[in-house]
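Residue strings, one per chain:
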Amino acid sequence: MPNSYEPRTSGRPGAGFRPGPGSPGQRKTRSAPQTVTVTRTSVAWSGMWAGAVISAVFMVVVVSNTGDAQISFAGMSGVLPLAVVLLAAMAAGLAVTLILGTARLAQRGR
């Protein structure tokens, strides 16, 4: 019984082995996979790019919606530009996200 496993492609032992051009008769060994270190700077850089893309998309939406919007809330009513309404909705969404995120981090004990 052989000591090592060698896959066969035909009935002859070693038929599936083709030596590389740099080392005749020897198999090449694979180098260990390189690991990428994630740093705070790389995370901040990715966050800045994400923020820039989201801001650009938001600006396109705001410029495309310049009409007026009728607003009625808690007994108050008025007419505001749709861009201002969209900006206020985005700010409210960010505030809710930050409040919930802060509560979650406090809950985890960080």
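Our subject in this report is the structure included herewith. Bear in mind that the values here come from a model prediction, so they are computed numbers and not experimental data. (Residues numbered from 1 in each chain as written. Predicted model: local features only at pLDDT ≥ 70, side-chain atom pairs only at ≥ 80, totals over all residues. Heavy atoms only, no water.)

1. Some remarks on the overall build of the protein
Right, so step 1: When its secondary structure is counted, the protein shows two helices and two strands.
Right, so step 2: Counting from the amino terminus, helix and strand elements in the protein follow one another as α-β-β-α.
Right, so step 3: Split into buried and exposed, the 110 residues of the protein put 5% on the buried side.
Right, so step 4: When contacts within the protein are restricted to residue pairs at least 6 apart in sequence, long-range pairs at least 24 apart make up 11% of them.
Right, so step 5: Carbon together with sulfur atoms contributes 64% to the accessible area of the protein, which is approximately 10100 Å² in total. (Helix = DSSP H or I, 4+ residues; strand = E, 2+ residues; numbered from the N terminus. Buried < 20%, exposed > 50% of the residue type's maximum accessible area, 1.4 Å probe, protein only. Contact = heavy atoms within 4.5 Å. Areas by Shrake-Rupley, 256 points an atom, 1.4 Å probe, with all protein chains shown as cover.)

2. Some thoughts on helix H2 (residues 82–108)
Turn by turn, an α-helix covers 3.6 residues, leaving residues three or four places apart pointing in a common direction.
Right, so step 1: With 27 residues, H2 should reach 39 Å at 1.5 Å per residue; the first-to-last C-alpha distance of 39 Å fits that figure.
Right, so step 2: Gly-109 sits one or two positions beyond H2 and adopts a positive phi of about 90°. (Expected span 1.5 Å × (residues − 1).)

3. Some words on the pairing of strand E2 (residues 76–81)
Right, so step 1: Summarising burial for E2: zero of the six residues are buried, a small minority.
Right, so step 2: Summarising the sheet, strand E1 (residues 68–73) and E2 pair through six bridges and their orientation is antiparallel. Opposite Phe-73, over in E2, you have Met-76 as the bridge partner.
Right, so step 3: The antiparallel pairing of E1 with E2 creates a hairpin that spans two residues between the two strands, and Ala-74 there sits at a positive phi of about 50°. (Pairing = 2+ DSSP bridges.)

4. Quick notes on the packing of helix H1 (residues 40–64) against H2
Right, so step 1: The N-to-C vectors of H1 and H2 enclose an angle of 150°; their axes lie 8 Å apart at closest approach. From H1, Phe-58, Val-61 and Val-62 reach across to H2, where they touch Ala-83, Leu-86, Leu-87 and Met-90.
Right, so step 2: Class assignment of the residues belonging to the contact of H1 with H2 gives a composition of seven nonpolar, no polar and no charged. (Axes fitted to C-alpha atoms, helices over the stretch in contact; angles between N-to-C directions. Nonpolar A, V, L, I, M, F, W, Y, C, P; charged D, E, K, R; others polar.)

5. Section: the packing of aromatic side chains
When we look at a pair of aromatic rings, we describe it by the centre distance and by the angle of the planes.
Right, so step 1: Within the structure shown, the criterion is met by one aromatic pair.
Right, so step 2: Between Trp-45 and Trp-49, the aromatic rings sit 6.1 Å apart at their centres with planes inclined by 80°, giving edge-to-face as the arrangement. Here the residue Trp-45 and the residue Trp-49 both occupy positions in helix H1, the gap between them amounting to four residues, near one helical turn. (Phe/Tyr/Trp six-rings, centres within 6.5 Å; stacked < 30°, edge-to-face > 60°.)

6. Focus on a nonpolar patch on the surface
Right, so step 1: A cluster of nonpolar side chains, namely Val-53, Val-57 and Val-61, defines an oily patch on the protein surface of about 230 Å² accessible area.
Right, so step 2: Note on placement: Val-57 falls in helix H1. (Patch = residues over 30% accessible without salt bridge, like charges linked within 9 Å, V, L, I, M, F, W, Y side chains within 5 Å. Salt bridge = Lys/Arg side-chain N within 4 Å of Asp/Glu carboxyl O.)

7. Remarks on the environment of Val-63
Right, so step 1: Looking at where Val-63 falls in the secondary structure, it is placed in helix H1.
Right, so step 2: The class of Val-63 is exposed, set by a relative accessible area of 63%.
Right, so step 3: Sequence separation between Val-63 and Leu-82 is 19 residues; the distance between their C-alpha atoms is 9.7 Å.

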